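What follows is the residue order along each chain.
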Amino acid sequence: MQSVLLGTLKGDDSVKILSVDEMKEADTRTIEELGIPSQLLMERAGLSVVQVMIEEIPDLFRLNVVVLCGRGNNGGDGLVVARELLRKGSRVTVVLMGEPRSEESASNLTWYRKLGGKVIVPENIEDLKDTIVEAPVLVDAVFGIGFRGNLGDEYRKLFEYANMSRAFKVAVDIPSGVNADTGEMDFAVHCDVTVTFGAPKLGHVLPPGRFACGRLKVADIGIPEEYMTSSRYLITASKVRALVPPRYPDSHKGTYGSVLVVAGSHEYSGAPLLTVLGALATGVGLVYALVPEGVNFVLTSRAPEVIALPVPGKHHNPEGLRLLDGIEHRIKAVVVGPGLGRHEETLKFIMDLFERFKDRAFVVDADALNLLAEVGTVPELSDAVFTPHPGEFARLTGMNVSEVKNNYRVAEAYALDSGVNILLKGPTTIITNGRESWFNITGNSALAKGGAGDVLSGLIGGFAAQGLDTLTASVVSTFLHGRCADVADVNPRTFRVSSIAEILSKVMNELNL
């Protein structure tokens, strides 16, 4: 049993994330091409859920278990669970929401009844309140990955009772009520553990459905890996470990590249510091910072390692490019945007910057994105990542925030059309070049603070300067950035994003980097 929360970009160790159609195709091929009966797949699915329950619930076979079963194959999986638990000694009650629609599910209902299993087919859901609320263990097998739309009143009441219960709750494949392609949900069962089959689905990793899943376990039920085709992947610890650039005993600062941070204004003097701290934490050889005069003192007082280049004036303007004449050949990556402000001169400056360094890696963030959105321009760059939050991405696309939030399809389409990588921030961050996409689930509400994105941009720039392309650098940085919040010894409320650079050392040691 694989837990997906434990774990070159694509490779044998990549954890695929499947859409509903991709999973159904894999099921169909297994049945039709290999000749494995669907009844056997259902049996394996149900037994894998029981195995997880044995691992998770002490004294399981001495407890009362209520299994909520729908009419489809998800309900059939639940009937396998019910039968096996009954056979092993648990006191089992099946709540059956109608007669099974498939032959396989009907057979499992028959076998369960032959063992003396108790079945309730409710006429009035309210009569089940005590049965559900007082159960020590609940199994949710009502709807599977095919669920779409909103719930009827009957199911909403059923799920309301399930959520009122203090039972240990286990979802079969996905919590009922969650859209497995989008993570959207009108109302869903909130579970402690979800056992899915073959591979994670998009609804397991995208909010809000992600937060209804609890711990996600992936069970191998015999579907061949090569049948589960997808261009979407989960970022895992093992993947990041394989991607982070090595350190060499015989090396010097030139070995690890140079990054240029272009950030800050008179109004926003802290943003460049946070970006610089992020870059320094990656082990990059040199960090240059092009900042408005006065901001340079903020930088060097907190980060004496940085080489600050003060631009005359209160914000960036084309005059600042002259300060790069002597160092241009050293720069491997450029981070532009944090705290820039939206001045007309600054727009002219960043367009000149893009043209001058178009053959370098670019991380484009914050006000650089807002300025590009104002003019509707995407510069031609050899390797770049745009790192918008949903508001910035809405401005870039001309869509509403609600339309782009957590929307991997829009991110993929924009990346493919524009030729730049997209890192769409959120509780689940989506990173894509339009042909392959990576989903990050590290991090928590500690990062819901101003400046967190500035640190992330610095991390990406630092790794890009060490030779990673910006897609790979984004994958690595986003995982590490979130993991810093996960391992922090402070409450998320009191967490300061400036501490990420220090905590990163702990995370890197944890991963043996």
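Bear in mind the structure is a predicted one, so any value in this text is a computation, not a measurement.

What follows covers the overall build of the chain. In terms of regular secondary structure, the chain is built from 18 helices and 19 strands. Per element, the accessible surface of the chain, about 21000 Å² overall, is 48% carbon and sulfur.

The side chains of a regular strand alternate, residue by residue, between the two faces of the sheet. Buried residues dominate strand β11 (residues 258-262), accounting for five of its five residues. Both faces of β11 are covered, namely the face carrying S258, L260 and V262 and the face carrying V259 and V261. Note: β11 against strand β12 (residues 286-292), five bridges, orientation parallel. Note on β12: the bridge partner recorded for V259 is V287. Following the backbone out of β11, through helix α9 (residues 270-281) and into the adjacent parallel β12, one traces a crossover that is right-handed. Of the strand pairs in this sheet, β11 and strand β14 (residues 333-336) are connected by four bridges, and their pairing is parallel. Counterpart to V262 in the pairing with β14 is V336.

With that out of the way, let us pick up helix α10 (residues 295-302). All of the buried residues in α10 are V295, N296 and L299. Angular distribution of buried residues about the axis of α10 spans 100°; they occupy a single face of the element. Every exposed residue of α10 that faces more than 90 degrees away from the buried side is listed here: F297, S301 and R302. Its buried side turned inward, α10 meets α9, β12 and β13 (307-311).

Glancing now at the side chain of S437. Tracing the backbone through its elements, the reader meets S437 in strand β19 (residues 437-440). The class of S437 is buried, set by a relative accessible area of 1%.

Moving on, we get to the side chain of T196. Locating T196 in the fold gives a position in strand β8 (residues 193-197). Engagement of the side chain of T196 in a polar contact is seen with the side chain of D173, the distance being 2.6 Å. When neighbours within four sequence positions are excluded, T196 is seen to be in contact with D173, K201, H204, L216, K217, V218 and A219.

Interpreting fine coordinate detail is not advised for predicted regions of low pLDDT. Overall, the predicted model of the chain reaches an average pLDDT of 95, with 97% of residues at or above 70. Throughout residues 2-11 the model reports pLDDT below 50, and contacts reaching past four residues in sequence, or to other chains, amount to 35 contacts.

One open sheet holds the 11 strands; their spatial order is β2-β10-β19-β18-β17-β16-β15-β14-β11-β12-β13, and the pairing between them is mixed. This sheet does not close on itself; its edge strands, each paired only once, are β2 (15-16) and β13. In terms of strand pairing, strand β15 (residues 361-364) meets strand β16 (residues 383-386) through four bridges, oriented parallel. Opposite V364, over in β16, you have F386 as the bridge partner.

With that out of the way, let us pick up the pattern of salt bridges. Enumeration according to the criterion identifies 21 salt bridges in this entry. Between E355 and K358 there is a salt bridge; the shortest N-O distance is 3.1 Å. Residue classification places K358 among the partly exposed residues on the basis of a relative accessible area of 39%. Connected through shared salt-bridge partners, E84, R87 and K88 make up one network.

So, about the packing of aromatic side chains. Geometrically, a pair of aromatic rings is defined through the distance of the ring centres and the angle of the planes. The final tally for this structure, using the stated rule, is eight aromatic pairs. An angle of 80° between the planes, with centres 5.5 Å apart, marks the rings of F393 and Y414 as edge-to-face. A residue pair is termed long-range when its members are at least 10 positions apart, and F393 in helix α13 (residues 390-397) and Y414 in helix α15 (residues 408-418) qualify at 21 residues. F393 sits in the buried class, given a relative accessible area of 0%. Three or more aromatic residues link up through ring pairs in this structure, and these residues are F143, F147, Y155 and F159. Above the ring of Y256, the side-chain terminus of R247 is found at 3.7 Å from the ring centroid.

One can describe the packing of helix α16 (residues 452-465) onto helix α17 (residues 470-487) by two numbers: an axis separation of 8 Å at closest approach and a directional angle of 135°. Judged by the angle between their axes, α16 and α17 are oblique. In this structure, the crossing between α16 and α17 has a hand that is right-handed. On α17, the residues touching A452, V455, L456, L459, I460, F463 and A464 of α16 are T470, A473, S474, V476, S477, T478, L480 and H481. Partitioning the contact of α16 with α17 into residue classes produces 10 nonpolar, five polar and no charged.

Moving on to the packing of helix α12 (residues 366-375) against α13. Packed helix pairs are characterised by how far apart their axes lie and by the angle those axes make with each other. Orientation of α12 relative to α13, taken along the N-to-C sense of each, is 20°, at an axis distance of 8 Å. Judged by the inter-axis angle, α12 sits roughly parallel to α13. Viewed along their axes, α12 and α13 form a crossing whose handedness is left-handed. On α13, the residues touching A366, L369, N370 and A373 of α12 are E392, R395 and L396. Of the residues belonging to the contact of α12 with α13, the class tally is four nonpolar, one polar and two charged.

Attention now goes to the pairing of β19. Burial along β19 is two-sided: S437 and F439 and W438 and N440, pointing in opposite directions, are all buried. Relative to β19, strand β10 (residues 232-234) is paired through three bridges, and the arrangement is parallel. By the bridge assignment, Y233 is partnered in β19 with W438. In terms of strand pairing, strand β18 (residues 429-432) meets β19 through four bridges, oriented antiparallel. Bridge pairing in β19 links T432 to S437. Counted between consecutive antiparallel strands, the loop separating β18 from β19 contains four residues, among which G434 sits at a positive phi close to 95°.

What counts as what
Residues numbered from 1 in each chain as written. Predicted model: local features only at pLDDT ≥ 70, side-chain atom pairs only at ≥ 80, totals over all residues. Heavy atoms only, no water. Helix = DSSP H or I, 4+ residues; strand = E, 2+ residues; numbered from the N terminus. Areas by Shrake-Rupley, 256 points an atom, 1.4 Å probe, with all protein chains shown as cover. Buried < 20%, exposed > 50% of the residue type's maximum accessible area, 1.4 Å probe, protein only. Pairing = 2+ DSSP bridges. Right-handed = clockwise from strand over helix to strand, strands pointing away. Arc of directions from axis to C-beta. Contact = heavy atoms within 4.5 Å. Polar contact = N/O pair within 3.5 Å; in protein donor to acceptor, adjacent residues only side chain to side chain. pLDDT = per-residue confidence, 0-100. Salt bridge = Lys/Arg side-chain N within 4 Å of Asp/Glu carboxyl O. Phe/Tyr/Trp six-rings, centres within 6.5 Å; stacked < 30°, edge-to-face > 60°. Lys NZ or Arg CZ within 6 Å of the ring centre and 35° of its normal. Axes fitted to C-alpha atoms, helices over the stretch in contact; angles between N-to-C directions. Parallel < 35°, antiparallel > 145°, perpendicular 65-115°, else oblique. Left-handed = near helix turned anticlockwise from the far one by under 90°. Nonpolar A, V, L, I, M, F, W, Y, C, P; charged D, E, K, R; others polar.

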